[in-house]
Amino acid sequence: MIATPAWPPQSTPRLFVASPLAAGMRLIEGPQAHYLAQVMRLKPGDPVKLFDGENGEWLALARDIGKKSLSVELTEQLRPTEAVPDLWLCAAPLKKGRIDWLAEKACELGVAKLVPVLTARTIVERLNGDRLRAHMIEAAEQCGRTAVPALAEPVKLATLLRDWRDRRLFFADETGGAPAAAAMAAHPGPAAILIGPEGGFTTDERGAIRAVPQAIGIGLGPRILRADTAAAAAVALWMASAGDW
């Protein structure tokens, strides 16, 4: 017996769209239309997967294809929006390239919110938020996420700590802390991971963080990790502890 081919095929293009999705016709314009029509060579009737971060993933079929736009018909919801683990990643901005990598991995690992935190030793104080969000969207398109992490405005560490509320705050303490996996397992629930800059937190900053009742210093093993590596490692440990892995 001949097996029925999977539908839609695994090779189906997958794109994020910024407005709410629902059954019916939709017009796609700009770079996305160029990508589908000129790069992917979409033909009428070909499938496309769309997601908006709010309403899951939808199957759309190409209809009218023009030079600068194309229309698609959304026919069915393939998947509902994923249940996003309640984890924030609060990280000091890094140099271009490394902060882009961090944003991508935060999305791939399932982080709900990325918060850039300005510290005394932060080298980069200005961020291109549009570029970071584009990297997270591209990561979501490629790794199958139906949600894109929220991107907060950069905030000074003192302000972040002053306004902190009930969420557990695990911070990577290069001077030593509880083993990360054990600490996270012992304190389940909504959490944030705080990662400092390349030079680490100052003594005063470390004291201010430890003064927050919800803060727990954690260690990430015997080796010195780069800030972006530490962020990915800490997020992976928390996800494993939370049962997301």
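(A) Focus on the overall build of the chain. Looking only at helices and strands, the chain features seven helices and 13 strands. When its C-alpha atoms are laid out on the principal axes, the chain stretches across 60 × 45 × 30 Å. The 245 residues of the chain split such that 47% are buried. Sequence separation of 24 or more characterises 73% of the internal contacts of the chain that already satisfy a separation of 6 or more. Roughly 12,700 Å² of accessible area belongs to the chain as shown, and the carbon and sulfur atoms make up 54% of that amount.

(B) View of the nonpolar core. By size, the foremost hydrophobic cluster in this structure holds 38 residues, and its most contacted members are Leu 89, Phe 170, Ile 193 and Ile 195. Looking at this core, the elements that each hand over two or more residues are strand E6 (87–91), helix H2 (98–109), helix H3 (129–143), strand E10 (168–172), helix H5 (180–186), strand E12 (191–195), strand E13 (215–219) and helix H7 (227–242). Ranked by residues supplied to this core, first place goes to H7 with eight residues. Excluding its chain neighbours within four sequence positions, the residues that come into contact with Ile 195 are Leu 89, Cys 90, Ala 91, Ala 92, Ala 172, Phe 201, Ala 227, Ala 230 and Ala 231.

(C) Representation of the packing of H2 against H7 within the structure. At their nearest, the axes of H2 and H7 sit 10 Å apart, and the two run at 5 degrees to each other. If you check the angle between H2 and H7, you find them roughly parallel. Across from Arg 98, Trp 101, Leu 102 and Leu 109 in H2, the residues of H7 making contact are Asp 228, Thr 229, Ala 231, Ala 232, Val 235 and Met 239. Its residues assigned to classes, the contact of H2 with H7 comprises seven nonpolar, one polar and two charged.

(D) Representation of the packing of aromatic side chains in the model. Evaluation of the coordinates by the stated rule reveals three aromatic pairs. Arranged with centres 6.0 Å apart and planes meeting at 80 degrees, the rings of Trp 88 and Trp 164 form a pair that is edge-to-face. Linking Trp 88 in strand E6 with Trp 164 in the loop between helix H4 (157–162) and E10, this pair joins segments that are 76 residues apart in sequence. Aromatic side chains Phe 171 and Phe 201 sit 6.3 Å apart centroid to centroid with 75 degrees between the ring planes, which places their arrangement in the edge-to-face category. Residue Phe 171 is located in strand E10, and its partner Phe 201 is located in the loop between E12 and helix H6 (203–210); the two are separated by 30 residues in the primary sequence. Judged on exposure class, the residue Phe 171 and its partner Phe 201 are both buried. Here the basic side chain of Lys 113 rests over the ring of Trp 88, its NZ or CZ set 4.4 Å away from the ring centre. A cation sits over an aromatic face here: Arg 167 above Trp 88, 4.0 Å from the ring centre.

The rules we used
- Along each chain, numbering runs from 1 in the same order as the chain's sequence is written.
- Reporting of local features is limited, given that this is a predicted model, to residues whose pLDDT is at least 70; pairs of side-chain atoms are given and counted only at 80 or more, and all residues count toward the totals for whole chains, interfaces and linings.
- With hydrogens and water stripped out, all remaining heavy atoms of the structure feed into the side-chain values.
- Put simply, DSSP H or I for four residues or longer makes a helix, DSSP E for two residues or longer makes a strand, and each gets a number counted from the N terminus.
- Buried, partly exposed and exposed residues are distinguished by accessible area as a fraction of the type maximum, computed with a 1.4 Å probe on protein chains only: under 20%, between the cut-offs, and over 50%, respectively.
- When checking whether two residues touch, look at their non-hydrogen atoms; a contact exists if any pair is within 4.5 Å.
- Each accessible area value is a Shrake-Rupley result obtained with a 1.4 Å probe; residue values ignore everything except the protein chains displayed when judging cover.
- Note on terminology: a nonpolar core comprises buried Ala, Val, Leu, Ile, Met, Phe, Trp, Tyr and Cys residues joined through side-chain atoms within 4.5 Å.
- Inter-axis angles, ranging from 0 to 180 degrees, are taken between N-to-C directions of lines fitted to C-alpha atoms, where helices are fitted over the stretch in contact.
- Each angle gets one of four labels, with under 35 degrees taken as roughly parallel, over 145 as roughly antiparallel, 65 to 115 as roughly perpendicular, and the rest as oblique.
- When residues are sorted by character, Ala, Val, Leu, Ile, Met, Phe, Trp, Tyr, Cys and Pro go into the nonpolar class, Asp, Glu, Lys and Arg into the charged class, and all the rest, Gly among them, into the polar class.
- Side-chain rings of Phe, Tyr and Trp, where Trp is taken by its six-membered ring, are said to pair if the distance between their centres is within 6.5 Å; with planes under 30 degrees apart they count as stacked, over 60 as edge-to-face, and otherwise as tilted.
- The criterion is that NZ of a Lys, or CZ of an Arg, lies within 6 Å of the ring centre and within 35 degrees of the ring normal, and then a charge sits over that ring.

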